[in-house]
Structure formats: C-alpha cells, structure tokens
Amino acid sequence: MCLAIPAKLVELREDERAVVNLGGIRKEVSIELVPEARVGDYVIVHVGHAIGMIDPDEAERTLALFGEMSAAMAATGAAP
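Notes on the structure in this doc start here. Just so we're clear, the structure is a prediction, and the values are computed from it rather than from any experiment. (Residues numbered from 1 in each chain as written. Predicted model: local features only at pLDDT ≥ 70, side-chain atom pairs only at ≥ 80, totals over all residues. Heavy atoms only, no water.)

## Quick word on the nonpolar core
- Counting 12 residues, the largest nonpolar core is built from Ala7, Leu9, Ala18, Val20, Leu22, Val29, Ile31, Val34, Ala37, Val43, Val45 and Ala50.
- Mapped by element, the contributors of at least two residues to this core are β1 (5–13), β2 (17–22) and β4 (42–46).
- A total of three residues in this core trace back to one element, the largest contributor, which is β2.
- The residues touching Leu9, leaving out its near neighbours within four places in the chain, are Ala18, Val19, Val20, Ile31, Ala37, Arg38, Val39, Gly40 and Asp41. (Core = buried A, V, L, I, M, F, W, Y, C linked by side-chain atoms within 4.5 Å. Buried < 20%, exposed > 50% of the residue type's maximum accessible area, 1.4 Å probe, protein only. Helix = DSSP H or I, 4+ residues; strand = E, 2+ residues; numbered from the N terminus. Contact = heavy atoms within 4.5 Å.)

Listed below in structure tokens is the structure:
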C-alpha cells in the first residue's frame, strides 16, 4: 500500500522544488506536478513529489486523524 500525506508548502525553490512542513519536519520535494502551488498551500506528498493540492480544512482534518492514530498506537504499544 502507498501513502500520500498532506504537507504545508513553506518555501519555493528553483527548478520546480519546494520545502514542505511535515509535522515539524522540513523536507524538500518536487512540485513539478503542481506548478500552481504557492507558499501556504497544502499539497499531497508521495515519495518526495507533491502530486496534488488539498483544501486546507481537509488537510488539517487528515493530519489530526494521523495524530490520533499515532497516539492510540503509542498507548497500546503497537508498532507504527
């Protein structure tokens, strides 16, 4: 199974590259597939590539669900 996660675009760079914030971790990704993305937008990131844009409210709900799942797994001692 593949997983793509929402991330907030925090910096544009040259050559269709950008930096996103993934839960406090900054990561450089390609924005070649979403050239319209701007700082402050949320993008869906998969294997180092922004593959689409996502509504900010939906991104926040999704990230909150990931946080809840992580906390529940930690509480039960389950491995991620």
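Structure shown, so let's carry the discussion forward.
## A closer look at the pattern of salt bridges
- Throughout the structure, instances matching the rule amount to five salt bridges.
- The salt bridge involving Glu11 is made with Arg13; its shortest N-O contact spans 2.9 Å.
- The class for Arg13 is partly exposed, based on a relative accessible area of 40%.
- Where salt bridges share partners, they join Glu11, Arg13, Arg17, Arg26 and Glu28 into one cluster. (Salt bridge = Lys/Arg side-chain N within 4 Å of Asp/Glu carboxyl O.)

## Quick word on the side chain of Ser30
- With respect to the element layout, Ser30 can be found in strand β3 (residues 25–30).
- Classification of Ser30 as buried rests on a relative accessible area of 6%.
- Within the structure, the side chain of Ser30 is placed 3.2 Å from the backbone nitrogen of Glu32, a separation counted as a polar contact.
- Not counting residues up to four positions away in its chain, the partners in contact with Ser30 are Glu16, Arg17, Gly48, His49 and Ala50. (Polar contact = N/O pair within 3.5 Å; in protein donor to acceptor, adjacent residues only side chain to side chain.)

## What to know about the pairing of β4
- For β4, the buried fraction is high: four of the five residues fall into the buried class.
- Of the pairings in the sheet, the one linking β1 to β4 comprises four bridges and is antiparallel in character. In the strand pairing of β4, Ala7 is matched with Val43.
- Note: β4 against strand β5 (residues 49–54), five bridges, orientation antiparallel. When the sheet's bridge partners are listed, Val45 is paired in β5 with Ala50. (Pairing = 2+ DSSP bridges.)

## Some points on the environment of Gly67
- In this fold, Gly67 is placed in helix α1 (residues 56–76).
- Sequence separation between Gly67 and Arg38 is 29 residues; the distance between their C-alpha atoms is 25 Å.

The quantities given are spatial measurements derived from coordinates; they are silent on function.
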